[in-house]
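Spelled out, the chains give:
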Amino acid sequence: MVWGWVSDFFTYETTKSVVVKSWSVGIINRIVQVLIIAYFVGWVFIHEKAYQVFDSGIESSVMTKVKGFGYHQNRIMDVADYVFPQQGAAVFCIMTKLIITENQFQGKCGENGKRYSCMNDTDCDQHIGSILTNGRITGVCHHSGQCEVEGWCPAENDRVIVDPMVDVQNFTIFIKNSIRFPLFNVTRGNFPSKMTSNEIKRCKYHPQTNPFCPIFGVGDILEYTGQNVSALAKKGGEIGINIEWKCNLDMNIEYCVPEYSFTRLDAPFAKNRVSEGFNFRFAKYYKTPNGTEYRTLHKAFAIRFDVMVTGQAGKFNTIPTLINLVAAFTSIGLGTVLCDLILLNFLKGAKQYKAKKFEEVSEAQIEASLIPSPSSQMSIKEGMKSSCDSGALSLATADQPV
């Protein structure tokens, strides 16, 4: 048994070509080859541009400006009032509703809300250590009938009804974006360098009629995302502005232009009462003539805009081209594998095909074939004919042993 294992181990297998003249198998073979070629030509090379080397490490800079005026609580508000932060960054907020608590001083006062009502100090013990209050609960029932807090007083009441600033839909956002692909040292801007200031002031972005204008209407952006202006202004939300750069540097550089898309980023929480909308607080601090500090607290509901820049640039390169060509030529051989599976397992005459395709030759047979013998089947007969396909040999019917 050991000797048989050793003799089987030291064997050599070589390819044997067998020409099968079958219409069905031949058609399957050519169809598979055509599909493989079409895949590599159409998808890999034309669509995916596998002949290029790509740079997705885009370097980007974004600057924004908001313009517009709106009315809120009988006050006219400009950019300095409703935009935060004011530096013109890629992430900014347009405040649509403010709840203002004026003249807060450090001290002790009653907390707001029915849940903090009390009859005696014992009723307030359960709230000690809570972080949901407007100050630190002292455990004392205040004379106002509310649990006492230590902090900025009077305590904020954020349940008051305030109408939002719906004029936000008339505001405009100017976006200035410059990008660079470091691998190719290519720099581009999001609007044509030849565009004049007068043209910029008059234009307004539209995906079909004016796709390169850097001025975006807030109302248009909300419409593109399918949002209701009044509902969004009341509770706030997060809107994403995506600037996508897809550049084929084998073409003229002028075709390297941005594409804009808009989406609501907090859509999964839009109907969640626990974390609905977007809001934040900030305060403005003052001092009385005697030096006592006090503040005005603002709770702001806002639409937050995130300008996100993504991109990829590609250019012809020899190495990926050769790699994908080799892969294409190698994959064409899959047609042969499929046809072999069909011939060996599903067609009539599978045994005869196996006998023709797989043949074992021992050293004794090779030595015997070297000795001239008219009855030896290993000697090449004059009746053998050369096939016209791939240089393989096909056996004539007259050559088969009786």
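Before any of the text, the structure's been laid out above.
These figures come from a predicted structure and were not determined experimentally. (Residues numbered from 1 in each chain as written. Predicted model: local features only at pLDDT ≥ 70, side-chain atom pairs only at ≥ 80, totals over all residues. Heavy atoms only, no water.)

A.B. asks: Explanation requested: the overall build of the chain in the structure shown.
C.D. replies: A count of helices and strands for the chain gives 10 helices and 17 strands. The C-alpha atoms of the chain give 39 Å as radius of gyration, which overshoots the globular expectation for 402 residues (21 Å, by more than 25%). Across its three principal axes, the chain shows a C-alpha extent of roughly 130 × 65 × 35 Å. Split into buried and exposed, the 402 residues of the chain put 35% on the buried side. At a minimum sequence separation of 6, the contacts of the chain that also span at least 24 residues come to 68%. Each charge sign in the chain was given a centre, from 40 positive and 38 negative side chains, and these centres are 5 Å apart. (Helix = DSSP H or I, 4+ residues; strand = E, 2+ residues; numbered from the N terminus. Rg over C-alpha atoms; globule rule 2.2 N^0.38 Å. Buried < 20%, exposed > 50% of the residue type's maximum accessible area, 1.4 Å probe, protein only. Contact = heavy atoms within 4.5 Å. Lys, Arg positive; Asp, Glu negative; His and termini not counted. Charge placed at Lys NZ, Arg CZ, Asp CG, Glu CD.)

A.B. asks: Where do I start with the state of the cysteines in this structure?
C.D. replies: What makes a disulfide is a covalent bond joining the sulfur atoms belonging to two cysteines. Within the structure shown, the criterion is met by five disulfides. Two residues share a disulfide in this structure: cysteine 124 and cysteine 147, whose sulfurs sit 2.2 Å from each other. The chirality of the disulfide connecting cysteine 124 with cysteine 147 is left-handed, given an S-S dihedral of about -95°. Of this pair, cysteine 124 sits in the loop between strand S6 (91-110) and strand S7 (135-141) while cysteine 147 sits in strand S8 (residues 147-153), placing them 23 residues apart in sequence. Both residues of the pair, cysteine 124 and cysteine 147, belong to the buried class. Residue cysteine 247 pairs covalently with cysteine 256 via a disulfide, S to S 1.9 Å. Its S-S torsion of approximately 60° makes the covalent link between cysteine 247 and cysteine 256 right-handed. Each member of the pair, cysteine 247 as well as cysteine 256, is classed as buried. When the bonded cysteines of the chain are numbered from the N-terminus onward, they pair as 1-6, 2-4, 3-5, 7-8, 9-10. (Disulfide = S-S within 2.5 Å.)

A.B. asks: Help me out: how do you make sense of the packing of aromatic side chains in this one?
C.D. replies: The relation between two aromatic rings is expressed through the spacing of the ring centres and the mutual angle of the planes. Taken as a whole, this structure holds 20 aromatic pairs when the rule is applied. An aromatic cluster is present here, built from Tyr205, Phe216, Tyr224, Tyr260 and Phe262 joined pairwise through their rings. Lysine 97 extends its terminal NZ or CZ atom over the ring of phenylalanine 301, reaching a point 4.3 Å from the ring centre. (Phe/Tyr/Trp six-rings, centres within 6.5 Å; stacked < 30°, edge-to-face > 60°. Lys NZ or Arg CZ within 6 Å of the ring centre and 35° of its normal.)

A.B. asks: I would appreciate a short explanation of the packing of helix H8 (residues 334-345) against helix H9 (residues 350-357) in the present structure.
C.D. replies: In helix packing, the relevant descriptors are the interaxial angle and the interaxial distance, both defined with respect to the helix axes. Packing of H8 against H9 leaves a shortest axis separation of 7 Å and a crossing angle of 125°. As summarised for this structure, H8 and H9 are arranged oblique, according to the angle between their axes. Where H8 approaches H9, its residues Asp340, Leu343 and Leu344 are matched on the opposing element by Ala350, Tyr353, Lys354 and Lys357. Class assignment of the residues belonging to the contact of H8 with H9 gives a composition of four nonpolar, no polar and three charged. (Axes fitted to C-alpha atoms, helices over the stretch in contact; angles between N-to-C directions. Parallel < 35°, antiparallel > 145°, perpendicular 65-115°, else oblique. Nonpolar A, V, L, I, M, F, W, Y, C, P; charged D, E, K, R; others polar.)

A.B. asks: Explain the environment of valine 91 to me, please; I cannot follow it from the model alone.
C.D. replies: Along the chain, valine 91 turns up in strand S6. In this view, valine 91 contacts Pro85, Arg304, Phe305 and Asp306; residues no more than four positions away in its chain are not counted.

A.B. asks: I'm lost on the nonpolar core in this one. Help?
C.D. replies: Core analysis: the largest hydrophobic core is formed by 45 residues, its most contacted members being Tyr82, Ile94, Trp245 and Phe305. Of all elements in the fold, only strand S2 (59-67), S6, strand S9 (172-181), helix H5 (218-224), helix H6 (229-235), strand S12 (237-248), strand S13 (258-264) and strand S15 (293-316) reach the threshold of two or more residues within this core. The element best represented in this core is S15, accounting for seven residues. Residues in contact with tyrosine 82, not counting those within four places in the same chain, are Val66, Lys67, Gly68, Phe69, Met77, Cys93, Ile94, Met95, Met165 and Phe171. Membership of the second largest hydrophobic core comes to 10 residues, among which are Tyr116, Cys124, Ile137 and Cys141. (Core = buried A, V, L, I, M, F, W, Y, C linked by side-chain atoms within 4.5 Å.)

A.B. asks: It is not clear to me how the pattern of salt bridges should be interpreted in this structure. Could you clarify?
C.D. replies: Proximity of charged atoms lets side chains of opposite charge pair with each other. Evaluated as defined, the whole model comprises 12 salt bridges. Between glutamate 156 and arginine 281 there is a salt bridge, with its nearest N and O atoms 3.0 Å apart. Residue glutamate 156 is located in the loop between S8 and S9, and its partner arginine 281 is located in strand S14 (residues 279-287); the two are separated by 125 residues in the primary sequence. Classification of glutamate 156 as buried rests on a relative accessible area of 4%. With relative accessibility at 43%, the residue arginine 281 sits in the partly exposed group. Taking the shortest distance from any N to any O, the salt bridge between arginine 304 and glutamate 238 comes out at 3.9 Å. (Salt bridge = Lys/Arg side-chain N within 4 Å of Asp/Glu carboxyl O.)

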